[in-house]
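# Chains, contacts and geometry: an overview
Chain residues, written in single-letter form:
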Amino acid sequence: MDAEFWLERWREGRTHFHQTRVTPLLQKYWPALGVPKGGRVLVPLCGKSLDMVWIAAQGHPVLGIELSELAVEQFFEENELKPLTHVSIYGKHYVAGSIEIICGDIFKLDAQLLSHCVGAYDRAALVALPEAMRADYVRHVYGQLSPAYQGLLITLDYPQEEMPGPPFSLVDSEVQKLYADVSPARIIDRRDILEKEPKFLAAGVSRLDTVVYHLGVQE
Ligand SMILES: C[S@@+](CC[C@H](N)C(=O)[O-])C[C@H]1O[C@@H](n2cnc3c(N)ncnc32)[C@H](O)[C@@H]1O
């Protein structure tokens, strides 16, 4: 699953992961995380997610990272935002109001940028990565956030042998192993969503849960 895999999906419009509404689980669980107003929130592998607009409306500067320039341009166009752009070592930055998206590779970001993020929102990001990349991703991204960060992680759990990813299945034991050296990862919701997912039903998947984690040290 290299960069070209994703760039081609955006070129061909095969972006069924994109939702035309804000994720209800984000709206339900974000307020309780207690991320301070004004605190910067990282949205890794952000696509053109409307969730960024919602997070910004809660009073957070948003930092999204996305490989595909098409996705980034569609985000600003579809939300009628006119971004200013500049280029840095991280990629091309698009900034409109409190939303900044860097068109670049998440693995190129460093502590200088990530340590300013006190919040993180991961939907269809960790589960988009094949197993071999996940430990590097968690260490690199979450390991460099502010130590006080609070985050929301949304995963999928289904019998992986019944359908190839992405999105991939993550059982809780793998999530716990991935975050063990970074921060606590506590399940706050798990629900059966099989009936709402025609792609999984058509593939003959017998069970599909979405699982919501609260990431970060809690007092
Ligand atoms: C499954 S999509 C999810 C997008 C978004 N989170 C959402 O909820 O709609 C995964 C996205 O990650 C992007 N991506 C994949 N690898 C990346 C990387 N190394 N750095 C930045 N973006 C990446 C892809 O281009 C794709 O848009």
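What you are looking at is a predicted structure, and each value in this text was computed from that prediction instead of being measured.

It is worth spelling out the site of the ligand at this point. Around the ligand, 14 residues are found, and the nearest of them are Trp10, Leu45, Glu66, Asp105 and Arg123. Here Leu45 contributes a backbone N or O atom positioned 2.8 Å from a nitrogen atom of the ligand. One of the side-chain nitrogen or oxygen atoms of Glu66 is found 2.6 Å away from an oxygen atom of the ligand. Surface burial for the ligand is 95%, taken as the share of its 600 Å² of free accessible area covered by protein chains. When grouped by side-chain class, the residues that make up the shell around the ligand number 9 nonpolar, 2 polar and 3 charged.

Take the nonpolar core next. Within the largest apolar cluster, 30 residues are counted, with the highest numbers of intra-cluster contacts made by Tyr137, Tyr142 and Tyr179. Among the secondary structure elements, those contributing two or more residues to this core are β2 (62-66), α5 (111-114), β6 (117-123), α6 (131-141), α7 (172-179) and β9 (209-215). Residues contacting Tyr142, with those up to four places away along its chain left out, are Pro44, Ala120, Asp122, Tyr137, Tyr149, Tyr179, Val182 and Leu215. Listed in part, the 27 residues of the second largest apolar core include Ile55, Ala56, Ile101 and Ile154.

Okay, the environment of Lys48 next. Among the secondary structure elements, Lys48 is positioned in the loop between β1 (40-43) and α3 (51-57). Taking the C-alpha atoms as reference points, Lys48 and Val118, 70 residues apart in sequence, are found 21 Å from one another. Those residues in contact with Lys48, other than ones at most four positions away along the chain, are Trp10, His18, Ala71, Gln74, Phe75 and Glu78. At 3.0 Å, the side chain of Lys48 and the side chain of Glu78 are in polar contact.

A separate point is the packing of aromatic side chains. Tallied over the entire structure, the rule returns 9 aromatic pairs. Taking the centre distance of 4.9 Å and the plane angle of 85° together, the rings of Phe5 and Trp6 count as edge-to-face. Given the relative accessible area of 26%, Phe5 is considered partly exposed. Here the aromatic residues Phe5, Trp6, Trp10 and Phe17 are joined through ring pairs into a cluster of three or more.

What follows deals with the pairing of β2. Along β2, 5 of the 5 residues are buried, which leaves the element largely enclosed by surrounding structure. Side chains Val62, Gly64 and Glu66 project from β2 onto one buried face, and the interleaved Leu63 and Ile65 project onto a second face that is buried too. Bridge analysis of β1 against β2 gives 3 bridges, and the strand direction is parallel. Among the inter-strand pairings, Val43 is bridged to a residue of β2, identified as Gly64. In terms of handedness, the path from β1 via α3 over to β2 forms a crossover that is right-handed. Sheet topology places β2 next to strand β5 (residues 99-103); 5 bridges connect them, and they run parallel. Bridged to Glu66 within β5 is Cys103.

Turning our eyes to something else, we now look at the sheet that holds strand β3 (residues 84-88). Across the sheet, which stays open at both edges, the 9 strands sit in the order β3-β4-β5-β2-β1-β6-β7-β9-β8 with mixed pairing between neighbours. Edge positions in the sheet fall to β3 and β8 (185-192), since each of these pairs with one other strand and no more. Across this sheet, the average inter-strand angle for adjacent strands is 20°, counted without regard to direction. Its contacts with the sheet place helix α2 (residues 24-33) against β1, β6, β7 (150-157), β8 and β9, and it is angled at close to 145° to β7.

Before going further, it helps to spend a moment on the pairing of β3. Relative to strand β4 (residues 91-96), β3 runs antiparallel, the two sharing 5 bridges. Opposite His86, over in β4, you have His93 as the bridge partner. What sits between β3 and β4 in their antiparallel hairpin is a turn of 2 residues.

Thresholds, definitions, all that
- Residues numbered from 1 in each chain as written.
- Predicted model: local features only at pLDDT ≥ 70, side-chain atom pairs only at ≥ 80, totals over all residues.
- Heavy atoms only, no water.
- Near = heavy atom within 4 Å.
- Polar contact = N/O pair within 3.5 Å; in protein donor to acceptor, adjacent residues only side chain to side chain.
- Areas by Shrake-Rupley, 256 points an atom, 1.4 Å probe, with all protein chains shown as cover.
- Nonpolar A, V, L, I, M, F, W, Y, C, P; charged D, E, K, R; others polar.
- Core = buried A, V, L, I, M, F, W, Y, C linked by side-chain atoms within 4.5 Å.
- Buried < 20%, exposed > 50% of the residue type's maximum accessible area, 1.4 Å probe, protein only.
- Helix = DSSP H or I, 4+ residues; strand = E, 2+ residues; numbered from the N terminus.
- Contact = heavy atoms within 4.5 Å.
- Phe/Tyr/Trp six-rings, centres within 6.5 Å; stacked < 30°, edge-to-face > 60°.
- Pairing = 2+ DSSP bridges.
- Right-handed = clockwise from strand over helix to strand, strands pointing away.
- Axes fitted to C-alpha atoms, helices over the stretch in contact; angles between N-to-C directions.

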